[in-house]
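Architecture at a glance
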Amino acid sequence: MPPPLSATGPDRSGVAPLVDEAIIEVRSGRGGNGAATFRREKFVPLGGPDGGNGGKGGDVVIVADPRVRTLLDLQRHPHWRGQEGVNGQCGRKSGRNGADCVIRVPVGTLLHDVGTGCLLVDLKQERDSCVVLQGGRGGRGNAGFASATRRTPRFAELGEPGQHRSIRLELKLLADVGIIGFPNAGKSTLVSRISAAKPKIGDYPFTTLAPNLGAVVVDHATSFIVADIPGIIEGAHAGKGLGHQFLRHVERTTVLVHLLDFASSERKGPLEDFDRLNRELALFNEALSLKPQVVVANKIDVSEAREMCQELQPVFASRGVDLLPLSAVSGEGVERLLREVVAYLRTDGRVDAKAMSEPQRTIAPRPTERPTKIDVSFDLGYVVTGSVVEKLVAMTDLENPDALNHLQRTLDGMGIMKMLKSAGIRDGDFVRIGNFVSNFVDEDGDGETP
Ligand SMILES: Nc1nc2c(ncn2[C@@H]2O[C@H](COP(=O)(O)OP(=O)(O)OP(=O)(O)O)[C@@H](O)[C@H]2O)c(=O)[nH]1
Ligand SMILES: [Mg+2]
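To keep things clear, this report deals only with the structure shown in the data block. (Residues numbered from 1 in each chain as written. Chains lettered and ligands numbered in written order. Predicted model: local features only at pLDDT ≥ 70, side-chain atom pairs only at ≥ 80, totals over all residues. Heavy atoms only, no water.)

Counting its regular elements, the chain contains 9 helices and 19 strands. For 450 residues, the compact-globule estimate of 2.2 N^0.38 gives 22 Å, and the chain exceeds it by more than 25% at 32 Å. Its C-alpha atoms give the chain principal-axis dimensions of roughly 100 × 55 × 45 Å. Restricting the contact set of the chain to residue pairs at least 6 apart, pairs at least 24 apart contribute 71%. Counting only carbon and sulfur atoms, one obtains 51% of the accessible surface of the chain, whose full area is about 23000 Å². Both charge centroids of the chain, one from 55 positive and one from 57 negative side chains, sit 6 Å from each other. (Helix = DSSP H or I, 4+ residues; strand = E, 2+ residues; numbered from the N terminus. Rg over C-alpha atoms; globule rule 2.2 N^0.38 Å. Contact = heavy atoms within 4.5 Å. Areas by Shrake-Rupley, 256 points an atom, 1.4 Å probe, with all protein chains shown as cover. Lys, Arg positive; Asp, Glu negative; His and termini not counted. Charge placed at Lys NZ, Arg CZ, Asp CG, Glu CD.)

So, in structure tokens, the structure goes:
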């Protein structure tokens, strides 16, 4: 009796299971604060402002690394953050930038933004990377605020807060050829025959619990990657057996090798098997069911299987399927199979074009910014929300009267005062933006104040 099945438990071979999905929470580093200092030197009584800028916060970068095989580690450690930037100092010294947070994932991982459901990037090649969040900008030191009209700015900007994002990672192996079939059809045996991979083989269903990849070298100029996935059974779309969960790993292949077991099936059985498996493919993904297939009658070293193959070849032919007789054990038919597979790959430009292009570095669009909006509530007063205003407040030293003045003027310049007035605000009413709470005072008031 084979041991009980578990898709997520350890493989019987002792190999860690393939974890092909994970959700992680990432946060970029906060920028360092700018410094508000003045030059103090002997014989320079009125030294000017010399506060340096804060350093930038660390980015969060996800990079494809061939040494990483599964998303298991990320499932176990879902929280990642970039380092904070260091505060600026006197003497116009800028703070150091925070270190980036680098997350390594298997090649073939797709990154989706959980908030929008959008695909951010597909890390297809070794060293492809994506900056999923940029670190906060360092706050400007007071030296940066000096102008002809403001010679002694006594405030500096605080660092920009880091951003947050949830990312869904989905691993889809990048194989050229996918081997599909019911359990026990001989998929792993075939892979071990044509490649150096050594998957587990057993004469019971569900020997393979996670996909295996093998590199097939046909000749010095032709090679491809084949994926052996766990057997699919009828009802897989409803979660039977190991379900559909591994079919995503053959979604990116060019051609499928559909393996039929001719040794254990009843008469006419393989034809039914063929239809049943194709129905399951279509239920998972229509596009997958339209992929070209090389249909193989396996185990023809067994004499009944060879006879049945001869009998059924015309039946398959009447449906336009050229049934290929093969024995994964003896090797008979393997050469022809490889020839047919390579022909498909050539038409698709998948073989010969193996030369690696430069790794791609992409920058994901920022998480969606919230527009500026005013809500009026009985106990909170006028509440202004929106990514831009909230960031502005977060970068203001609210304890510092000069910084508050600067904030007031910037909000005015952005039209927030106007927005508040059209929302009906009166002198003395409460205004809230993030941590900032104040009584409204209409500086260019029109005398309506009670
Ligand atoms: N006689 C014969 N037996 C074969 C052949 N190919 C595979 N087998 C046997 O069929 C059984 C199943 O082989 P596997 O390669 O483990 O089958 P699989 O399709 O990978 O099975 P799952 O991983 O469970 O889906 C084993 O006992 C193999 O030795 C063949 O060409 N001829
Ligand atoms: Mg197998």
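Right, picking up where we left off after that structure.
Take Ile194: it is sitting in helix H2 (residues 187–194). Ile194 gets classed as buried once you look at its relative accessible area, which sits at 14%. As a C-alpha pair, Ile194 and Val226 span 32 residues in sequence and 9.2 Å in three-dimensional space. Sequence-distant contacts of Ile194, defined by excluding residues within four places in its chain, comprise Ala215, Val216, Val226, Val334 and Leu338. (Buried < 20%, exposed > 50% of the residue type's maximum accessible area, 1.4 Å probe, protein only.)

Attention now moves to the pairing of strand S18 (residues 430–433). The alternating pattern of S18 places Val431 and Ile433 on a buried face and Phe430 and Arg432 on a face that is not buried. Inspection of the sheet shows strand S17 (residues 381–385) paired to S18 by 2 bridges, in the parallel sense. When the sheet's bridge partners are listed, Val383 is paired in S18 with Arg432. Judged from the 4 bridges that link them, S18 and strand S19 (residues 436–439) form a sheet pairing that is antiparallel. (Pairing = 2+ DSSP bridges.)

Around ligand 1, a shell composed of 23 residues is seen, among which Lys187, Thr189, Phe206, Thr207 and Thr208 lie nearest. Here Lys187 contributes a side-chain N or O atom positioned 2.8 Å from an oxygen atom of ligand 1. At a separation of 3.4 Å, an oxygen atom of ligand 1 approaches a polar side-chain atom of Ser327. Isolated, ligand 1 exposes 650 Å² of accessible area, and the fraction of that covered by the protein chains is 88%. For the shell around ligand 1, the leading source of residues is H2, giving 3 residues. Considered class by class, the residues forming the shell around ligand 1 number 9 nonpolar, 10 polar and 4 charged. (Near = heavy atom within 4 Å. Polar contact = N/O pair within 3.5 Å; in protein donor to acceptor, adjacent residues only side chain to side chain. Nonpolar A, V, L, I, M, F, W, Y, C, P; charged D, E, K, R; others polar.)

This part takes up the pattern of salt bridges. If you walk through the whole model with that rule in mind, you get 25 salt bridges. Linking Lys56 and Asp59 is a salt bridge whose minimum nitrogen-to-oxygen distance equals 2.7 Å. Bridged by salt links that share partners, the residues Asp20, Glu21, Arg168, Glu170 and Arg248 form one connected network. (Salt bridge = Lys/Arg side-chain N within 4 Å of Asp/Glu carboxyl O.)

Those protein atoms acting as donors to the magnesium ion (ligand 2) are Ser188 (OG) and Thr208 (OG1), and they sit at 1.9 to 2.1 Å. You can see Ser188 sitting in helix H2 and its partner Thr208 sitting in the loop between H2 and strand S10 (212–219), a full 20 residues away along the chain. (Donors = N, O, S within 2.8 Å, 3.2 Å for Na, K, Ca; no water.)

So, on to the environment of Arg168. With respect to the helices and strands, the residue Arg168 is situated in strand S8 (residues 164–171). Arg168 sits in the partly exposed class, given a relative accessible area of 27%. As for Arg168 and Cys118, which are separated by 50 residues in sequence, their C-alpha atoms are 10.0 Å apart. Beyond its immediate stretch of four places on either side in the chain, Arg168 contacts Glu21, Ala22, Ile23, Leu110, Leu111, His112 and Val114. At 3.0 Å, the side chain of Arg168 and the side chain of Glu21 are in polar contact.

Strand order in the open sheet formed by 5 strands is S3-S1-S8-S5-S6, and the pairing between neighbours is mixed. Because the sheet does not close on itself, it has two edges, and the strands there are strand S3 (79–81) and strand S6 (119–123). With strand direction ignored, the average angle separating the axes of adjacent strands in the sheet is 25°. As paired elements, strand S1 (residues 21–27) and S8 share 7 bridges and run antiparallel to each other. Note that in S8 the partner of Arg27 across the bridge is His164. (Axes fitted to C-alpha atoms, helices over the stretch in contact; angles between N-to-C directions.)

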